[in-house]
Amino acid sequence: MPATDLPLLIDAARIAGRVATSFAGPTAVRWDKPGDAGPVTEADLAVNEVLERTLRLARPDYGWLSEETEDDAARLSADTVFIIDPIDGTRSFVEGGRTWAISIGVAHQGIVTAAAIYLPLRDKLYAAGTGLGATLNGAPLLATRGAMTPGSKVLAARPTFDSKHWRDTAPSVERHYRPSLAYRLSLVGEGKFDGMLTLRPTWEWDIAAGSLIVAEAGGTITDRTGAPLRFNNAHPALNGVVAGGPGLHRALVGELGPDHSA
C-alpha cells in the first residue's frame with residue numbers, strides 16, 4: 001500500500017502547491033477561526049478542495065481528516081484515512097514568508113504508512129513510505145544519531161523550555177524555531193536539526209506526515225510521555241510530540257516533567 005499511495009501523495013502535493021502559490025499570501029482573504037484557533041485564508045480552502053477532489057477520487061474508500069474540513073465520524077470506521085493540513089504555517093503564508101507546507105499523510109489502522117510534505121516556495125518535497133525510507137527531492141534522508149549535548153540543535157517554541165516542564169531544569173541545547181510543525185519534523189528527518197518537541201496537545205494533521213519522515217529517516221518519534229503515536233482518533237489530537245535521533249529522543253523524554261500545557 002505505501003508503494004502505491006506514495007506517488008499519489010507526491011503528485012497531489014505538487015498540484016496543491018500550484019494552487020497555493022496562485023494566491024499572494026499577504027493579500028489573500030483571511031479571517032480568524034472561532035475559539036482563538038488561528039487564522040485561515042481562501043488559499044487554505046482552495047488547497048483543501050483540490051486535495052480532497054484529487055485524493056478521494058483516487059481512493060474513494062479512504063476516510064478523510066483535514067484541518068479545513070468539518071470532521072465526520074465516518075472516518076473512524078475506515079481502515080485507512082487521509083490526514084491533511086492544506087497549509088501548515090498559515091501565519092507565515094499570510095505574512096508573505098516561505099516557511100509553510102502542504103502536509104499529506106495516509107494512516108492505516110492508526111499507523112502512518114505514506115507521507116508527503118511540500119514547501120513550494122523553498123522547492124522542498126519530503127516523502128516517505130513504510131519500509132521505503134524518507135527522501136527530500138528524491139535524495140535519501142538520515143536523522144542524526146548523536147547523544148544530547150549543549151550543541152544539539154532542537155526545534156521548539158520558547159515556552160517549551162520553561163523550567164516548569166522539566167524534572168530538574170531545561171536541558172542545555174541550542175533552541176531553534178520554524179513556523180510549521182510539519183517542516184520542523186521534516187528538518188529532523190533531514191538531519192539539519194537533531195530534534196524537535198512540542199508539549200501542548202497537537203492536532204493530528206500537523207504531525208501525521210512528518211512523523212513518518214522522521215521514523216523512515218531512522219529517528220524516533222513519540223508523544224511527550226514516550227508512548228507511540230496513533231492516528232485517526234475520535235478527538236484528533238495527541239499528547240505533544242518529541243522527535244529526534246534515538247539517543248537525543250530518549251534523553252528529552254527522560255528529562256521531561258509531569259504533563260503541563262506549553
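Source: prediction; values computed, not measured. Throughout this description, residue numbers start from 1 for each chain and increase along the sequence as written. Where totals are concerned, whole chains, interfaces and linings use all residues; where local detail is concerned, this predicted model gives features only for residues with pLDDT of at least 70, and gives and counts side-chain atom pairs only at 80 or more. Calculation of side-chain values draws on the structure's entire complement of heavy atoms; hydrogens and water are dropped beforehand.

(A) Summary view of the overall build of the protein chain. The secondary structure content of the protein chain amounts to six helices and 16 strands. For a compact globule of 262 residues, the expected C-alpha radius of gyration is about 18 Å, and the protein chain comes in at 17 Å, within 12% of that figure. The contact criterion used is simple: two residues touch if any of their non-hydrogen atoms lie within 4.5 Å. Taking as baseline every contact in the protein chain between residues at least 6 positions apart, the subset at least 24 positions apart corresponds to 62%. Using a 1.4 Å probe, the Shrake-Rupley method yields the accessible areas, and only the shown protein chains count as cover for residues. Of the roughly 11000 Å² of accessible surface on the protein chain, a fraction of 52% belongs to carbon and sulfur atoms. Within this scheme the basic residues Lys and Arg register as positive and the acidic residues Asp and Glu register as negative, but His and the chain ends are omitted. Every charge is mapped onto a representative atom, which is NZ of Lys, CZ of Arg, CG of Asp or CD of Glu. Charged side chains in the protein chain number 25 positive and 30 negative. The centres of these two groups are separated by 6 Å. Strands here mean DSSP runs of E at least two residues long; helices mean DSSP runs of H or I at least four residues long; both are numbered from the N terminus. Note on method: radius of gyration uses C-alpha positions; expected globular size equals 2.2 Å times residues raised to 0.38.

(B) Examining the packing of aromatic side chains more closely. Aromatic pairs are defined between Phe, Tyr and Trp rings, using the six-membered ring for Trp, whenever the two ring centres lie within 6.5 Å; interplanar angles under 30 degrees are classed as stacked, those over 60 as edge-to-face, and all others as tilted. One pass over the full model with this rule turns up six aromatic pairs. With a centroid separation of 5.0 Å and an interplanar angle of 85°, the aromatic rings of F93 and W100 are classed as edge-to-face. Summary of the burial criterion: residues with accessible area below 20% of their type's maximum are buried, those above 50% are exposed, and those between are partly exposed, where the area comes from a 1.4 Å probe applied to protein chains only. Residue W100 is classed as buried on the basis of its relative accessible area of 2%. An aromatic cluster of at least three residues, connected via ring pairs, comprises Y62, W64 and F82. By definition here, charges over rings are those cases where NZ of Lys or CZ of Arg is within 6 Å of the ring centre and within 35 degrees of the ring normal. Here R14 stacks its cationic end above the ring of Y118, 5.4 Å away from the centre of that ring. Just above the ring of F193 sits the side chain of K153; from NZ or CZ to the centre is 5.2 Å.

(C) Here's a closer look at unusual backbone geometry. Notably, Q109 is not glycine yet its phi reads approximately 50°, a positive angle. Among the structural elements, Q109 can be located in the loop between β5 (101-108) and β6 (111-119). Backbone geometry places N232, a non-glycine residue, at a positive phi of 65°. As for its placement among the helices and strands, N232 is situated in the loop between β14 (220-222) and β15 (237-238). Residue N232 is classed as buried on the basis of its relative accessible area of 14%.

(D) Expanded view of the environment of S22. Assignment of secondary structure puts S22 in the loop between α1 (2-21) and β1 (30-32). Along the primary structure S22 and P150 are separated by 128 residues, whereas in three dimensions their C-alpha atoms are 42 Å apart.

(E) Local environment of the packing of helix α4 (residues 181-190) against helix α5 (residues 204-216). Angles here are taken between N-to-C directions and fall from 0 to 180 degrees, while the axes themselves are lines fitted to C-alpha atoms, restricted in helices to the stretch in contact. Across the interface, α4 lies against α5 with an axial gap of 8 Å and an inter-helix angle of 5°. Taken as axis vectors, α4 and α5 run roughly parallel relative to one another. Within the contact between the two elements, α4 uses L181, A182, L185, S186, V188 and G189 and α5 uses D206, I207, G210, S211, I213 and V214. Here the term charged refers only to Asp, Glu, Lys and Arg, the term nonpolar to Ala, Val, Leu, Ile, Met, Phe, Trp, Tyr, Cys and Pro, and the term polar to all other amino acids, Gly among them. For the contact of α4 with α5, a count of residues per class yields seven nonpolar, four polar and one charged. By definition in this entry, angles of less than 35 degrees are roughly parallel, angles greater than 145 are roughly antiparallel, angles of 65 to 115 are roughly perpendicular, and the rest are oblique.

(F) Quick look at the sheet that holds strand β8 (residues 133-136). The sheet built from seven strands is open, its strands ordered β3-β4-β5-β6-β7-β8-β9 with mixed pairing. Each edge of the open sheet carries a strand with a single partner, namely β3 (63-66) and β9 (139-140). Against the sheet, helix α2 (residues 42-58) touches β3, β4 (80-88) and β5, its axis set at about 155° to β4. Any two strands are treated as partners once DSSP identifies two or more bridges connecting them.

(G) Spatial organisation of the side chain of T113. For T113, the location among the structural elements is in strand β6. The exposure class of T113 is buried, given its relative accessible area of 10%. When neighbours within four sequence positions are excluded, T113 is seen to be in contact with P2, V106, A107, H108, A128, G129, T130 and L212.

(H) Expanded view of the environment of V188. Summarising the element assignment, V188 is placed in helix α4. Each C-alpha atom, one on V188 and one on I213, is 8.6 Å from the other, the two residues being 25 residues apart in sequence. Setting aside anything within four residues of it in sequence, one finds V188 in contact with A143, F193, D194, G195, M196, V214, A243 and G244.

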